[in-house]
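One-letter residues, chain by chain:
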Amino acid sequence: MAGLTITAYLVPQVMAYAELAGLPAENGLWAAVGALSLYAAVGSSRVLSVGPESTTALLTASAIGSVAAGTKDPVAFASVLALTVALVCLIAWAARLSVLADLLSRPVLVGYLAGVALLMIMSQLGRLCGIAIPEEQVWRRILYVAQHLRDIEPATTVLGLATLVAMLVGTAIRPHAPVALLGMLAATAASSLLALPEHGVGLVGNIPAGLPTPALPSLDGPLFAAAVVPALGISFVGYTDNVLTARAFEAQGDRRIDARRELLGLAFANAGSALMRGFPVSSSGSRTAIGDAVGARSQATGLFTLACTVLAVIAFKPLLEAFPSTALGAVVVYAAIRLIRLDEFRRLARVRRSELVIAVATAAAVVAIGVLPAVLVAIGLSFLDLLRRVARPHDAVLGYVDGLAGMHDVEDHPDARVVTGLVVYRYDSPLFFANADDFRTRALAAATAFGPAQWFLINAEAISDIDSTALDALESVRHELAERGIVVALARVEHAVRLLLERSGFIDRIGEEHVYPTLPTAVDAYQAAFPE
C-alpha cells in the first residue's frame, strides 16, 4: 500500500521536477527508477524515498544554464553530472566527511527550504501562463511576465491554477490522499474533453517507449570537467537533505540513521540515475512522509515503488504523454508551497530572534544569489551568530537562596544572599580571543560591584577551554585584583583547562591551595580563613 501510494505521488512529481531541471519529463521517471533500484541496497534509512526532488532539480537547471557544454545536449550533461555527484559522494564516504551534515542548523534549513520554494514557484511562471520566458533571474522573470500580460494563454493559466487549487483543497480535506496524481488525472481529463490543446494548452508529448538500456554516460573530458564544480555543490546540498530528512523520520528504538552510510547511499542513487540517463537526485521529504504515514517500514517499499513506476512507464505511456505541462507546473508550485513552514518561522521568532534573522536571510539569499552560494552564506551567518553568543555570553554572581540547594544567579533571585567578602563569579562560555577582553571587563566590574571583597572565586564549570589570549586576560584580572588585596581562587576547573593553567604558571601564581574541586569546599575554605 505504501509503494502504491508513493508511486501515485512520484509519477507526476518527478516528471515535473525533470522539466524544472530543464529536461524532458520522462527523464524524471528514468532517474527515479535508477535511484530507487540502487539506494535500497545500501541506504541506512528504512523509509527514505529517493529520486528527483526540487533542490537538486534547481541546481541541475542552474548547472545546465551556466555551462556551455550543458546547453548542447542537456540530457547527456545531466547524466554526467549525476555520475560526478556519485563519485564526489563516494570520495566523501571514503574520507569520512559525514561531519558536513552537522553544518546546517535548523534556522538555515527552514530558510533554505522557503527560498527554494520561492525559486520553484518563480520557475513555473512561464509554464503556468503559457509564456516562454527567456530570463533566468527571478526578478527579471517576474518583470518579463508583467510586461507580456497580453501574451498569457487563458486556457493554460486557468487549467494550471485550477489544478493547483484542487490539490491544495484536497490536501486540506485528506492530507494523505494522492492529490498530485488525482490533480493530474483531472487536468488531463479536462484537457481532453474540452480540446484544450487546440486553445494553446501544451502537453508533455512523446515519451520514448519502455526504459533506456542502463549504460554509463559518455565520460568526455570537457563535459566531465564542466560537471565537477556544480557536482560539489549538489553533493553537499543533496547529502544534507538526505540526512536531515532521514533523521526527521527516524523512529525510536533500533531504527538509527548512519550519516556516513547515507553518503554511500546517495552515491549509489546518483549512479543509478546516471545509468538510466537521469539527473542528480536526493530524497523527497513529501514522499517520505507519505510512505511513513501509510505504513512504510523498510526499503521493500522503495522496491515496490520502483516496480509500480516501471509499470506506469510501460503500461500508461499514452496517459503520461497527455499530461498538460501547465498541470506539471502546478504540481511543482504545490510542492513548493508545502516547503514553506510558517509555523517554523513563528517558532524561531519565539525562541531566538537572531535565528529568525538567519532563516529570513537564508531564504532571501537563495532567491537573490542562488542555492549553493546561499547555503555557504547561511553557514557563515550561523557561525557569526554562534561567535556573537560565545563572545558576549551570560555571566553571573552567585549567592544562596533559601529553600534551594546550591548557589544561584543573584539577578534571577533578588532575595539571594552573597557571602560577605566573597564574590563567586561564573562566566558561561569557553574563554578565547573573542571574549577575553569582555571577560576581563565584566569580572573586574563584578568584583567592584559586590565588594569590598577578600576573595574573588571563579566558578569555572562553564569554561571548557581557554586560549593564550584568554590566559593573558585571566592573568590581568588576577594582577589587578591582587593590587587591591583580593585573592583570586578557582573552583570546578575542568582537567584539560587545569593543565593549560598549570603550563602557563597561573596555578603557581594564585597558589595550589586556592584551587578547589567544588563550590562548597571553596566557600568553606574562605569562611575558615575569614570567620564571621
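Computed from a predicted model, the values in this text were never measured in an experiment. (Residues numbered from 1 in each chain as written. Predicted model: local features only at pLDDT ≥ 70, side-chain atom pairs only at ≥ 80, totals over all residues. Heavy atoms only, no water.)

Q: How would you sum up the overall build of the protein chain? Please name residues and give values.
A: Looking only at helices and strands, one finds 24 helices and eight strands in the protein chain. The globule rule puts the C-alpha radius of gyration for 532 residues at 24 Å, and the 30 Å found for the protein chain is more than 25% above it. If you line up the protein chain on its principal axes, its C-alpha atoms span 100 × 45 × 45 Å. Sorting the 532 residues of the protein chain into buried and exposed places 52% on the buried side. Long-range contacts, defined here as pairs at least 24 residues apart, represent 79% of the contacts in the protein chain between residues at least 6 apart. For the protein chain, the accessible area works out to roughly 23,300 Å², and carbon and sulfur atoms hold 62% of it. (Helix = DSSP H or I, 4+ residues; strand = E, 2+ residues; numbered from the N terminus. Rg over C-alpha atoms; globule rule 2.2 N^0.38 Å. Buried < 20%, exposed > 50% of the residue type's maximum accessible area, 1.4 Å probe, protein only. Contact = heavy atoms within 4.5 Å. Areas by Shrake-Rupley, 256 points an atom, 1.4 Å probe, with all protein chains shown as cover.)

Q: Residues and numbers for the packing of aromatic side chains, please.
A: A ring pair, where both rings are aromatic, is described by two values, the distance of the centres and the angle of the planes. Evaluated as defined, the whole model comprises seven aromatic pairs. Taken together, a centroid distance of 5.2 Å and an interplanar angle of 80° make the contact between Tyr427 and Phe439 edge-to-face. Linking Tyr427 in strand β5 (residues 422-427) with Phe439 in helix α20 (residues 436-449), this pair joins segments that are twelve residues apart in sequence. Note on Tyr427: relative accessible area 0%, which makes it buried. Through successive ring pairs, a cluster of aromatic residues spans Tyr425, Tyr427, Phe439 and Phe456. (Phe/Tyr/Trp six-rings, centres within 6.5 Å; stacked < 30°, edge-to-face > 60°.)

Q: Residue-level account of the nonpolar core, with values.
A: Judged by nonpolar contacts, the single largest core of 109 residues is most densely connected at Met15, Leu29, Phe77, Tyr112, Met120 and Phe279. In terms of residue count, the dominant contributor to this core is helix α11 (residues 221-248) (ten residues). Judged by nonpolar contacts, the second largest core, of 35 residues, contains Val410, Tyr425, Ala460 and Ile466. (Core = buried A, V, L, I, M, F, W, Y, C linked by side-chain atoms within 4.5 Å.)

Q: Account for the sheet that holds strand β4 (residues 404-409), naming residues and giving values.
A: One open sheet accounts for six strands, arranged β4-β3-β5-β6-β7-β8; its pairing is mixed. At either margin of the open sheet sits one strand with a lone partner, and together these are β4 and β8 (515-516). Pairing of strand β3 (residues 395-401) with β5 involves four bridges; the strand directions are antiparallel. Residue Ala396 lies in a different strand from β5, and its bridge partner there is Arg426. The sheet strands contacting helix α24 (residues 519-529) are β3, β4, β5, β6 (455-459), β7 (487-491) and β8, and the helix crosses β6 at an angle near 175°. (Pairing = 2+ DSSP bridges. Axes fitted to C-alpha atoms, helices over the stretch in contact; angles between N-to-C directions.)

Q: Give me the pairing of β5: which residues, what numbers.
A: The buried fraction of β5 is high, at six of six residues. Taking every second residue as pointing to the same face, both faces of β5 are buried, with Leu422, Val424 and Arg426 on one and Val423, Tyr425 and Tyr427 on the other. Where β5 lies against β6, five bridges are found, and the strand directions are parallel. Note that in β6 the partner of Val424 across the bridge is Leu457. Crossover connection from β5 via α20 to parallel β6: handedness right-handed. (Right-handed = clockwise from strand over helix to strand, strands pointing away.)

Q: If you had to explain unusual backbone geometry to someone new, which residues and values would you point to?
A: Look at Arg96: it is not a glycine, yet its phi comes out positive at around 60°. We classify Arg96 as exposed; its relative accessible area is 57%. We note that Arg277 has phi near 60°; this positive angle belongs to a residue other than glycine. Taking the relative accessible area as the measure of exposure, Arg277 reaches 38% and is therefore partly exposed.

Q: Lay out the pairing of β3 with the relevant residues and their values.
A: Most of β3 sits inside the fold, with six of its seven residues counted as buried. Bridging between β3 and β4 involves four bridges; their strand directions are antiparallel. Looking at β4, one finds that Gly399 is bridged to His408.

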